[in-house]
Amino acid sequence: MPKKQFKAESKRLLELMINSIYTNQEIFLRELISNASDALDKRHYLSLTDSDHKVAKKDLKITITPDKEKRQLIIEDTGIGMNAEELEKNLGTIAKSGSAEFQAQLEKASKNIDIIGQFGVGFYSAFMVAKRIVVESHSAASDQAYSWTSSGQDGYVISEIDKPEIGTRITLDLKDDTEDEKYSDYLEEYRIKELVKKYSDYVRYPIEMEVTKSVPDPTEEGKTIDTKEMETLNSMIPLWKKNKSKIKDEEYNEFYKSKFNDWEDPAKVIHYNVEGNLSYTALMFIPSRTPFNFYYSDFEPGLQLYSKGVFILDKAKDLVPDYYRFVTGLVDSDDLSLNISREMLQQDRQMKLLAKSIEKKIHSALEDMLKNDRENYEKFFDNFGLSLKFGIYQDYGIHKEELQDLILFRSSKEGKYVTLREYRDRMPEDQKAIYYVCGSSIDELRSCL
């Protein structure tokens, strides 16, 4: 079939996308996996609503196959597939999103299914690492399969092919290695595992790959042989999506230590879900000790950000104010407005609402800790009280009312921590003033008295 050209505006967008929009080329795999997950969602939905298209849930999966000899990376799914018209519409016109249209149809039908790839451009991020892309697809609604082939801005070809299985197979012919870029790294098992774990660990369908494993040699004791077997690379169900009542403290602790590189259990777990105009799930932790670089400029505060279980951003610092910078964790939201590459957040009303909601929840958790777990709160204050004090002075004192009841002071009368409210409540009626002295330690103050 004759080669077709991208529209002029699409060619310009493709060039911009490859060279400018995405600053981190490794996210191409995240985008292709997210698109595959969308296709699986659509087929699963079709299976539930049309008895002629039943499919077992176990048959819905994503498979990754690296071929070092051919320098090809293959991502295949058993999703809904595309016919020739859909290939033309969804891949021939950049920024056309079949997922966005599907989401709109679901909303009209009052259905609620998460769709990850709503931007219609993520597929083209693959051109950052591939010199040629072949998409082979068999739609669940068609008897004929088709392929879409392109080397980028020179256009694309759609052809009839023989592909009996329903679903889509994307083959990337990787670019040649250069001094600056080693594209062949994306054919290494360890690298693929690393990227799936980082970006797509919580995609709800299994992501499988044939891996090499060493097993005991059955013919010679004490020796091993290499064998190939299929392995599921992702864990699928994120801890924060589970019912809180069914999560044990040990699970929270292990998740925190493995995810955020600490060897001590957290002092406080904050896990909650919000539904409404802004829906999100948050799983946050207050560490048991001060990070070694907490008071240095290289300390990076912020929460990890996920969208529908797909990793987006490692340190979203705008989600927590500076005086709560000790809080670590993650937020997973379906409602945030992300820019075209999903790499940065747009500063819009939803983002500000989310940050305000998180701030209130952290404050409530600290109040609860102060009231019901005083011993641990005092340990927390020894570690992070300076941040709370800083918050009172920050921004000309506008946070004073919010933070003042969280601050602890050493009382010379009782020899222990008290809050300003506690001190005031036990003041004699005739006491007109509160006397205080400042110093770097209680021993230093005693030596001055």
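Everything below is about the structure printed above this text.
### Quick look at the overall build of the protein
And step 1. Across its full length, the protein holds 11 helices and 15 strands.
And step 2. Here the protein holds 449 residues, and 48% of them are scored as buried.

### A closer look at the sheet that holds strand β1 (residues 62-67)
And step 1. Here we have 8 strands laid out as an open sheet, ordered β5-β4-β3-β6-β2-β1-β7-β8, and mixed in their pairing. Bordering the open sheet on either side are β5 (156-161) and β8 (224-232), each of which pairs with just one other strand. Sheet twist, expressed as the average angle between the axes of neighbouring strands with direction ignored, equals 25°.
And step 2. Bridge count between strand β4 (residues 145-150) and β5: 6 bridges; the pairing is antiparallel.

### A closer look at the sheet that holds strand β9 (residues 268-274)
And step 1. Spatial ordering of the open sheet is given by β9-β10-β13-β11-β12, a layout of 5 strands whose pairing is mixed. Since the sheet does not close on itself, it has two edges, and those belong to β9 and β12 (310-316), each with one partner. If you compare each strand with its neighbour and ignore which way they point, the axes differ by 15° on average.
And step 2. Bridging between strand β11 (residues 303-307) and strand β13 (residues 328-333) involves 3 bridges; their strand directions are parallel. Bridge assignment links Gln304 to a residue of β13, and that residue is Leu330.
And step 3. Helix-sheet contacts for helix α7 (residues 349-372) involve β9, β10 (280-286), β11 and β13, and the interaxial angle to β9 is about 135°.

### Quick word on the environment of Ala130
And step 1. Mapped onto the elements of the fold, Ala130 is located in strand β3 (residues 130-138).
And step 2. Separated by 46 residues in sequence, Ala130 and Asp176 have C-alpha atoms that sit 8.9 Å apart.
And step 3. With near-sequence residues (within four places) excluded, Ala130 lies in contact with Leu172, Asp173, Leu174 and Lys175.

### Quick look at the side chain of Arg289
And step 1. Structurally, Arg289 can be placed in the loop between β10 and β11.
And step 2. Within the structure, Arg289 has its side chain in polar contact with the side chain of Asp262 (distance 2.9 Å).
And step 3. Residues contacting Arg289, with those up to four places away along its chain left out, are Asp262, Trp263, Glu264, Asn383 and Phe384.

### Thoughts on the nonpolar core
And step 1. Among the nonpolar cores identified, the biggest contains 99 residues, and Leu172 and Ile358 are the most heavily contacted of them.
And step 2. In terms of residues, this core owes the most to one element, α7, which gives 8 residues.

### Some remarks on the packing of helix α2 (residues 27-49) against helix α5 (residues 189-199)
And step 1. At their nearest, the axes of α2 and α5 sit 10 Å apart, and the two run at 65° to each other. Viewed along their axes, α2 and α5 form a crossing whose handedness is right-handed. Of the residues in α5, those touching α2 at Ile27, Leu29, Arg30 and Ile33 are Ile192, Leu195, Val196 and Tyr199.
And step 2. Here the residues of the contact of α2 with α5 sort into 7 nonpolar, no polar and 1 charged.

### Structural notes on the pattern of salt bridges
And step 1. With the rule as written, the count across this model stands at 30 salt bridges.
And step 2. The residue Asp59 makes a salt bridge to Lys58 at a minimum N-O spacing of 3.4 Å.
And step 3. Asp59 sits in the partly exposed class, given a relative accessible area of 36%.
And step 4. With relative accessibility at 68%, the residue Lys58 sits in the exposed group.
And step 5. We note a salt bridge from Asp176 to Lys131, for which the minimum N-O separation is 3.5 Å. With Asp176 in the loop between β6 (167-174) and α5 and Lys131 in strand β3, this pair connects stretches of sequence that are 45 residues apart.
And step 6. Each of the salt bridges in this network shares a partner with another, and the network as a whole consists of Glu26, Arg191, Glu194 and Lys198.

Reading the values: rules and limits
- Residues numbered from 1 in each chain as written.
- Predicted model: local features only at pLDDT ≥ 70, side-chain atom pairs only at ≥ 80, totals over all residues.
- Heavy atoms only, no water.
- Helix = DSSP H or I, 4+ residues; strand = E, 2+ residues; numbered from the N terminus.
- Buried < 20%, exposed > 50% of the residue type's maximum accessible area, 1.4 Å probe, protein only.
- Pairing = 2+ DSSP bridges.
- Axes fitted to C-alpha atoms, helices over the stretch in contact; angles between N-to-C directions.
- Contact = heavy atoms within 4.5 Å.
- Polar contact = N/O pair within 3.5 Å; in protein donor to acceptor, adjacent residues only side chain to side chain.
- Core = buried A, V, L, I, M, F, W, Y, C linked by side-chain atoms within 4.5 Å.
- Left-handed = near helix turned anticlockwise from the far one by under 90°.
- Nonpolar A, V, L, I, M, F, W, Y, C, P; charged D, E, K, R; others polar.
- Salt bridge = Lys/Arg side-chain N within 4 Å of Asp/Glu carboxyl O.

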